[in-house]
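Coordinates in review
Read off the chains here:
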Amino acid sequence: MVQHKEPTLYEKQLVALGRVLQTLREEENVDVLVDTTLGYLQEEFDYSLIWLGLYDRMEHRLFGKGGVTPTGDTSFLKQRFVLSPGDLLEQVVIQQRPVGIPNLKDELRAGDWRKAAQKFNIQGTLLFPIRYRDRCFGVAILGSNLWGISPRAEEKARLSMILGGLGAALFQIEADWQRQQTKHPHEPLLSLLERLRSLPNLTQRLEAVVEETHRFLGPSRTNIYWFERERRYFWRRVGNRAKASGFTDTYQPSGITVQEVSGFYQALAGDQLVSIGEAHSSLKGDNTSRLMQQIKARSLLAAPILFQNELLGFLAVEGTDPRIWADEEKNYIRGAAQLIALTAPLEEMEESIQQIRLDQALTSEVSRAIHSDDDWKETLQNCAHQLCDRLKAERFLVLLYDSDQRKFDICFQSQPANRRPIPSPLRLFNDVDWQMLERSTEAIGVENLDEDLKLMAWRDIFLELGIKSFIVCSTSIGHALEGLLVVCHETTRSWSRSEYELIRVVSQQVGLIMHQWQLQRQTEQQQKIHQAIQWSLATVRQANQLENLETTAVQHMGQILQVPFAALVMWSPGRPMGRIVTPVAGNEQFTIRTDLQIPVQQDVFIQWVLQTEGVLTCSVDDVNAETRQWLSAPSLGQMLAVALRTAPDHEVTGIVILGDYRDRIWSERHISALETLIGQLAWFRRHLVLTDLLRSQRERLERVNWYKNGRLEELHRSLGQGMRRMNEMVNHEGGISTAQSQQVLRQLGDSVNGMTQLLREEQWRLRAYQETAPLASLLKRALERIDQLIKQRQLWSQVHNNEGNLTIGGDIGKMELVLHELLLSACYRCQTGGRVDLWCRAVESRWLELSITDNGTIEPRLILDLQNARTRDLLAPSTLDQPPGLHLAICQMLMQQMGGELNFYKLDDGRILSRLLLPLSTSTLPAKNSPNPGSTTELI
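The paragraphs below set out a description of the structure included in this document. Please read all numbers here as calculations on a predicted model, not as lab measurements. (Residues numbered from 1 in each chain as written. Predicted model: local features only at pLDDT ≥ 70, side-chain atom pairs only at ≥ 80, totals over all residues. Heavy atoms only, no water.)

A word on the overall build of the protein
Scanning the protein from N- to C-terminus turns up 27 helices and 33 strands. Out of the 940 residues in the protein, the part that is buried amounts to 48%. Across the protein, contacts joining residues at least 24 apart in sequence account for 64% of those joining residues at least 6 apart. Working note: accessible area of the protein is about 48300 Å², and carbon and sulfur atoms make up 49% of it. (Helix = DSSP H or I, 4+ residues; strand = E, 2+ residues; numbered from the N terminus. Buried < 20%, exposed > 50% of the residue type's maximum accessible area, 1.4 Å probe, protein only. Contact = heavy atoms within 4.5 Å. Areas by Shrake-Rupley, 256 points an atom, 1.4 Å probe, with all protein chains shown as cover.)

So, in structure tokens, the structure goes:
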């Protein structure tokens, strides 16, 4: 006979959870769903306060649905709570993540719930969102009389399941309701299309669109804004009332400029629908704020009016209250905007035809001048004058691409007499911009240099000369890039389709005379190489790290000599092995391995280069087989190699190798340029190596000095205590007993013997010893050392959560000095009567988090420098160059080297936090404070 088995607690929880989840799946009444959830939370969880509130998106607030309080008073739980920026409830609603609060009574962001917590004596609280997918439907609050509660993993899982099931049920109820309320945008659009056919002019058509849109969507305002291209601003052309509110309420002749709402303009120009509503925006936060301030609205739905990729304006529906825009509403307004785009060009057709005729006359005149005038500069001058008059621009540039030097030379430019010319050459574009120019079949426009990310290489020099917008086109469309025609404007503006076409036609005509510039370029070749060397040297000088210097230098050498292979073989003086440094090769036929170690003294080719004065010119066939194992580029033929020498008595630290195909002939100007760059590279590299060496030595000696000074201070304190005890015993009436004298002498001997190890093993470099010590004794010694200072400054100190049974592992002596330095700094920061607290907490069973908080004052710059460390510039002033910043930085570095962490923060309440992360010992007590000589590591 089978005996009945009593169900376990876990089984009962599963049964209760399953029963409630089934109810949530099947029930369609919101009140029943809420009551079921509250009942489950009350029965299954031991919380003094349980509250559930549903989220009202339109009003941005939570309205209470009831719950449980310790006193039984539930009137407060039925209130409505308006969400304000910064509130905890709004944070949970927006981020849709649970938030735990150690003490709700002290939480300033809790609003009315803080008062309720004080009334009901609620401390530890959990705020849990009721969500489904990306939608938040409410918040559940679970509070306890205990401080800092943290639910177990299974409790969190059950809470997530039950509240997630409630969110899914609420989502389904809302979805069913929305399906019943769904609008059908095709009906008003078809009606609107029929009306537009019978209206005679554009104004009446726009008014009809506004009227139908306002009727269908029911916003506060419906407007059509038109875009003024040259001055780049929007003006309200048609609205649903004679005088609509918004930025047209007051007289504003300039309208709303693109500069004020650049993100909004970029979205419209990219054919994107802009939707701003309840806790949602398709724009970035700063763009949304500025736009809504301009139109004085809290919700917006705007669709661009685009014709042939030109932005004519936008159709906007604006609301004075937050609103969630439905997909049907978005589809309707996009369709209405497209109807406007189809009808708008009819009114401007005659004007466009006339402008096309004028542009054709202009291009014909330019073409005749190019073919009939022998003076090509005068031809370009006439072309520049006519084109700038037509486009109302200030500058006209013709650029020629130098394939040898990889840059753009300005072969002709025209600007007003009171404007500075643009310096030549212009910087080369990045790969993305280069491909865009080479593949484009039309001109490319930049409307605002401050915001546009295209053609960034010219941005700085153009902005310096006052250029805000420009249009550029290749002179060889459909072929490799040979030259560019650029027209610049000193104000931000948009470019029309006809202007793009005009620039394209003129640029192809100008391209016919570009070849004449090639002859003159050959006579200036030597000067250009000199300019390239100066530019490369300036770039190399800016490198402040050795690897960056080496990579940059070898890259510039390859570019100046126009070679596909460039590499450095570097080694440290006295080291037998060298390493290879080479930039990323674009040609796989000139790629070599960079992970190989090269025996410098045994390699015949390297020794050949070291014995050669100047540049060694050779072929790859002259290199022996051992060298070709690492110098293994398949297509490598001719080579230039030179050693990095600075002075006859200086050590050589590397060689430079440049290579090309077998048919390459090296010119004298190439070899001369290489010698100049090699000499500069050798000195720059020597400078960086010495700087890094001296810096590391200085930091090491600073740490040694700080450590020894701390040990001497401790020795001085210990000897002083011993001497005071001896004097007290001498002056005592009974005299000194043998036991007392031996005890004092033993303590003095221990203090002196502790310095033996320091003098023997840590003269110039610190070493890390593996020791263990109880946390309690470590804290006790640290507080004893600052006890006199605390009394002098009348400070209040306390150790919180002292887990005295823990054992610290590592170099206890250095950790104790670090802790003493932190306590000392905290005491000196505090004013008389201040407070210093120590907080202890075990982390992940391997670490101890020891935090020191004080209410003193600290220089804000010191916190930033401690978080970011020293800069590479040794001459730049820093708070870490002198105490207390220097001592704290040394402590921070020592803790990192010993495997721990030390960080500094300024808390929201103004206190300074020094957070130590110390490793816990894997062994148990008793601890021994004597170092193990066989278990030490060197601290660099």
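Let's talk about the nonpolar core
Counting 50 residues, the largest nonpolar core has Ile808, Leu819 and Leu916 as its most contacted members. Not counting residues up to four positions away in its chain, the partners in contact with Ile808 are Glu771, Thr772, Ala773, Leu775, Leu778, Met815, Leu848, Leu918, Pro919, Leu920 and Ser921. (Core = buried A, V, L, I, M, F, W, Y, C linked by side-chain atoms within 4.5 Å.)

Some thoughts on the sheet that holds strand E27 (residues 796–800)
Taken in spatial order, the five strands make up an open sheet running E27-E29-E30-E32-E31, and their pairing is mixed. Edge positions in the sheet fall to E27 and strand E31 (901–906), since each has one partner strand and no second. Ignoring strand direction, the axes of neighbouring strands in this sheet form an average angle of 15 degrees. When strand E30 (residues 847–854) meets strand E32 (residues 912–919), the two strands line up antiparallel, connected through eight bridges. Residue pairing in the sheet places Trp847 in a bridge with Pro919 of E32. Sitting on the sheet, helix H23 (residues 775–785) touches E27, strand E29 (835–843), E30 and E32, and the angle it makes with E29 is about 165 degrees. In this fold helix H27 (residues 885–897) packs onto E31 and E32, with an angle of close to 135 degrees to the strand it touches most, E31. (Pairing = 2+ DSSP bridges. Axes fitted to C-alpha atoms, helices over the stretch in contact; angles between N-to-C directions.)

Some details on the sheet that holds strand E15 (residues 407–414)
Taken together, five strands build an open sheet; the order of strands is E15-E14-E18-E17-E16 and the sheet is antiparallel. The sheet is open, and its two borders are formed by E15 and strand E16 (444–446), each paired with just one other strand. Put simply, the sheet's adjacent strands are angled 20 degrees from each other on average, direction ignored. Of the strand pairs in this sheet, E16 and strand E17 (residues 469–474) are connected by three bridges, and their pairing is antiparallel. From the neighbouring strand, Ile444 faces E17, where its bridge partner is Val472. Relative to E17, helix H15 (residues 497–510) is tilted by about 50 degrees, and along the sheet it contacts strand E14 (395–402), E16, E17 and strand E18 (483–489).

Regarding the packing of aromatic side chains
The description of two aromatic rings rests on the distance between their centres and on the angle between their planes. Evaluated as defined, the whole model comprises 29 aromatic pairs. The interplanar angle of 85 degrees and the centroid separation of 6.4 Å between the aromatic rings of Phe605 and Trp608 together place this pair among those described as edge-to-face. In this pair, Phe605 and Trp608 both sit in helix H19 (residues 604–610), three residues apart, roughly one turn of the helix. A relative accessible area of 2% places Phe605 in the buried class. Of the aromatic side chains, those joined through ring pairs into one cluster are Tyr401, Phe408, Phe429, Trp434, Trp458, Phe462 and Phe470. In this structure, Arg493 is placed above the aromatic ring of Trp495, and the distance from its NZ or CZ to the ring centre is 4.1 Å. Between Lys814 and the ring centre of Tyr707, over which it is positioned, the NZ or CZ distance is 4.4 Å. (Phe/Tyr/Trp six-rings, centres within 6.5 Å; stacked < 30°, edge-to-face > 60°. Lys NZ or Arg CZ within 6 Å of the ring centre and 35° of its normal.)

Topic: the state of the cysteines
The final tally for this structure, using the stated rule, is zero disulfides. Here Cys830 is not cross-linked by a disulfide; its sulfur's nearest cysteine counterpart is in Cys827, at 6.6 Å. You can call Cys830 buried: its relative accessible area is 1%. (Disulfide = S-S within 2.5 Å.)

Remarks on helix H10 (residues 327–343)
Helix length check: H10, at 17 residues, gives a terminal C-alpha distance of 25 Å against a target of 24 Å (1.5 Å per residue), a fit within 8%. Listed in full, the buried residues belonging to H10 are Glu329, Tyr332, Ile333, Gly335, Ala336, Ala337, Leu339, Ile340, Ala341 and Thr343. (Expected span 1.5 Å × (residues − 1).)

Any functional reading would require information that these geometric values do not contain.
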